[in-house]
Each structure stands twice: as structure tokens, then as C-alpha cells.
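Spelled out, the chains give:
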Amino acid sequence: MAEARFQVIAGGAVPEEPLAMDPWQFQAVCVEAFVASWRARGFSPVTIDNDVGLLERTLVALGRPAWEVTPGDIDRVVGDLAVKGRATSTRCEYVQIFKGFHRFLQARKSAEIEAAFGVRLVCPVDEFNASRHDGDDSPALVPPPTPERVAEFFDFMKQRIATAGKYGPAARDYAMFRTLYHAGLRSEEASLLERADVHFSRGPFGKLHVRFGKGAQTSGPRPRWVPMLDGLDLVLRQRR
């Protein structure tokens, strides 16, 4: 039986100190990679341009590389937006886009960040600074409307389209409420939909790509596909 022996293989030692690297240049490279992942998933150029602008504004407001951001930094940025009178949905978009970028760093760049900057990634968005979706006075115990009441509401919306001075906004509102009702989306999810998120060729009825789906336990947006049931595809085809 051959004698087992150790063999020395030439190689470099593991660095004991973090590697020297400019954090802002590295973050810029990470942003480019994050945007490339959007293109790979088929996001429209308009959606990408809007989201890139939002991400850049968020990172500038935070004032430090994403892996160094603390819960206090998130509190400061969201608080400043509130003082300036920005809508709750806008503040939520800032938090969501940062959480999405941070999750990308955790999935793709965590080893490089730890080696270069000595930082182990932990998302600074928690239950205390995540955007609130419901107020303290939300009618959680109120039963949902009856089918008859819902039918009355949509009849009213149809009449409003017929008598509205401008067809476009009235038809848009009708399509939005139909989407909420038939697809089961949250208002924030529906408001962030783009035309490129509507895919009529997927499945027998078509599907909506909900890019900013609500995550569990403040985990950030979780994209999902939702079928367009009960004739929702016909409503949205008329709004194309």
C-alpha cells in the first residue's frame, strides 16, 4: 500500500489585514453590476432609469458606502424626507431600493467587501425604521365589503369614466382598482407597476410582474408573478 504523504503547493497566504481599495469606486462597480442584473431580468429601460436615479439619490443622502450604513443613517434619511413633506410612498421607495441593493451585495459581493473593508454585511433596515404600511387606526377588524357592495363601486367607477372631463385619468383609476381587486395587490405594489410589468403572453390569462412585492419581516421587496384573473387582462389591454 502506497505511503500517504503531504504535498506542499505554492500559493499566497491569506491576508491578515483588509485589502486596500477605494470604497466609492468599489460601490460604483457594485451599482453597475446591480443595474446589469435588472437588464438580465428584462426590466424596461424606463424602469431602469427611474430606479437608478432613485438608488443614486438614496446613496448620496446616506453619505457613506452601503456596507457602512447604520440604522441611524436610515432613520436620518427617512426623517429628513418626512420633514421635507415627502409622501410616505416616496420614503418607502428610498428604503426599498436600498434594501434591494444591500441584498444584492450580500448575495454577490459579501466576500469581496469583507476582504477589502473588513465589514460583514448586516442590513441596517429593521422593524423600527422600515416604512409603516398601516397606521395605528387601521380598520383591521372591519369585515371586507360584500360582493354586492364591490359591484356597486365598480358601476360607479364606470359611470365616472363616461362623465369625466378627461378619459385618461378616470380610466387609469378604474384599471388600478380592478388590479387591486382581481390580482390581490397592495396599493403600494400596484402603484409601482410599469407597462413592461404586464405580460399578456404568460399563462392562459397573462401575468403581472410585481417587482416591489412586500417582503416578510422587513426583508425587502420580493418580486413575484401574479395571474390576471376574472378578465383583468381585458381591462388592462384597453389601457395599453
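Keep in mind that what you see is a predicted model, and the values were worked out from it rather than measured.

Visitor: Even after reading the chapter, I still don't get the overall build of the protein chain, so can you show me in this structure?
Guide: In terms of regular secondary structure, the protein chain is built from eight helices and three strands. Ordering the α and β elements of the protein chain from the N terminus gives α-α-α-α-α-α-α-β-β-β-α. Within the protein chain, buried positions represent 37% of all 240 residues. Relative to all contacts within the protein chain whose residues are 6 or more apart in sequence, the contacts with residues 24 or more apart total 59%.

Visitor: For this particular structure, what's the right way to read the packing of helix α1 (residues 23–40) against helix α4 (residues 88–117)?
Guide: Describing two packed helices takes the angle between their axes plus the distance from one axis to the other. At their nearest, the axes of α1 and α4 sit 10 Å apart, and the two run at 130 degrees to each other. Relative to α4, the element α1 lies oblique. For the pair α1 and α4, the crossing hand works out as right-handed. Of α4, the residues touching α1 (which contributes P23, F26, Q27, C30, V31, A33, F34, S37 and W38) are I97, G100, F101, F104, L105, K109, E112, I113 and F117. In the contact of α1 with α4, the residues fall into 13 nonpolar, three polar and two charged.

Visitor: What is the right way to look at the pattern of salt bridges in this model?
Guide: Pairs can form between side chains of opposite charge once their charged atoms are near each other. One pass over the full model with this rule turns up eleven salt bridges. Notably, a salt bridge pairs R211 with D51, separated by 3.4 Å at the nearest N-O pair. Residue R211 is found in the loop between β2 (207–210) and β3 (224–227), and its partner D51 is found in helix α2 (residues 45–62); the two are separated by 160 residues along the sequence. D51 carries the same exposure label as R211, and that label is buried. Residue R211 pairs with D197 through a salt bridge whose shortest N-O separation is 3.0 Å. Here D197 lies in the loop between α7 (187–191) and β1 (198–199) and R211 lies in the loop between β2 and β3, a separation of 14 residues in the sequence. When sorted by exposure, R211 lands in the same class as D197, which is buried.

Visitor: Explain the pairing of β2 here, please?
Guide: Where a strand is regular, its side chains alternate between the two sheet faces. Pairing between β1 and β2: two bridges, direction antiparallel. Bridge pairing links V198 to L208 in β2. Where β2 meets β3, four bridges bridge the pair, whose relative direction is antiparallel. From the neighbouring strand, V210 faces β3, where its bridge partner is R224.

Visitor: Which parts of the structure should I look at to understand unusual backbone geometry?
Guide: Excluding glycine, a negative phi dihedral is what most residues carry, and trans is how most peptide bonds are arranged. Its identity as a non-glycine residue notwithstanding, D230 has a phi of 55 degrees, on the positive side. The residue D230 is located in the loop between β3 and α8 (232–238) in this model.

Visitor: What am I meant to see in a positive patch on the surface here?
Guide: A cluster of basic residues, R41, R103, R108 and R222, forms a positive patch on the protein surface. Its place among the elements puts R108 in helix α4.

Visitor: Sorry if this is basic, but what is going on with the nonpolar core here?
Guide: Soluble globular proteins tend to bury their nonpolar side chains together. W38, W67, F98, F101, L105 and I113 are the most contacted members of the largest nonpolar core, which has 33 residues in total. Those elements that place two or more of their residues in this core are α1, α2, α3 (71–83) and α4. With ten residues, the top contributor of residues to this core is α4. The contacts of L105, once residues within four sequence positions are left out, are C30, A66, W67, S110, I113 and L121. The next biggest cluster of nonpolar side chains, apart from the first, holds 18 residues, and it includes M157, L185, L208 and L236.

Visitor: I keep staring at the sheet that holds β1 and nothing clicks. Help me out?
Guide: What holds strands together in a sheet is hydrogen bonding between their backbones, with the strands either parallel or antiparallel. Here we have three strands laid out as an open sheet, ordered β1-β2-β3, and antiparallel in their pairing. In the strand order of this sheet, the two ends are held by β1 and β3, each with one partner.

Visitor: Sorry if this is basic, but what is going on with helix α5 (residues 147–163) here?
Guide: Each α-helix winds once per 3.6 residues, and so residues spaced three or four apart point in a common direction. With 17 residues, α5 extends 25 Å between its outermost C-alpha atoms, agreeing within 8% with the 24 Å of an ideal straight helix rising 1.5 Å per residue. Buried residues in α5 make contact with α6 (167–183).

Rules of the game
Residues numbered from 1 in each chain as written. Predicted model: local features only at pLDDT ≥ 70, side-chain atom pairs only at ≥ 80, totals over all residues. Heavy atoms only, no water. Helix = DSSP H or I, 4+ residues; strand = E, 2+ residues; numbered from the N terminus. Buried < 20%, exposed > 50% of the residue type's maximum accessible area, 1.4 Å probe, protein only. Contact = heavy atoms within 4.5 Å. Axes fitted to C-alpha atoms, helices over the stretch in contact; angles between N-to-C directions. Parallel < 35°, antiparallel > 145°, perpendicular 65-115°, else oblique. Left-handed = near helix turned anticlockwise from the far one by under 90°. Nonpolar A, V, L, I, M, F, W, Y, C, P; charged D, E, K, R; others polar. Salt bridge = Lys/Arg side-chain N within 4 Å of Asp/Glu carboxyl O. Pairing = 2+ DSSP bridges. Patch = residues over 30% accessible without salt bridge, like charges linked within 9 Å, V, L, I, M, F, W, Y side chains within 5 Å. Areas by Shrake-Rupley, 256 points an atom, 1.4 Å probe, with all protein chains shown as cover. Lys, Arg positive; Asp, Glu negative; His and termini not counted. Charge placed at Lys NZ, Arg CZ, Asp CG, Glu CD. Core = buried A, V, L, I, M, F, W, Y, C linked by side-chain atoms within 4.5 Å. Expected span 1.5 Å × (residues − 1).

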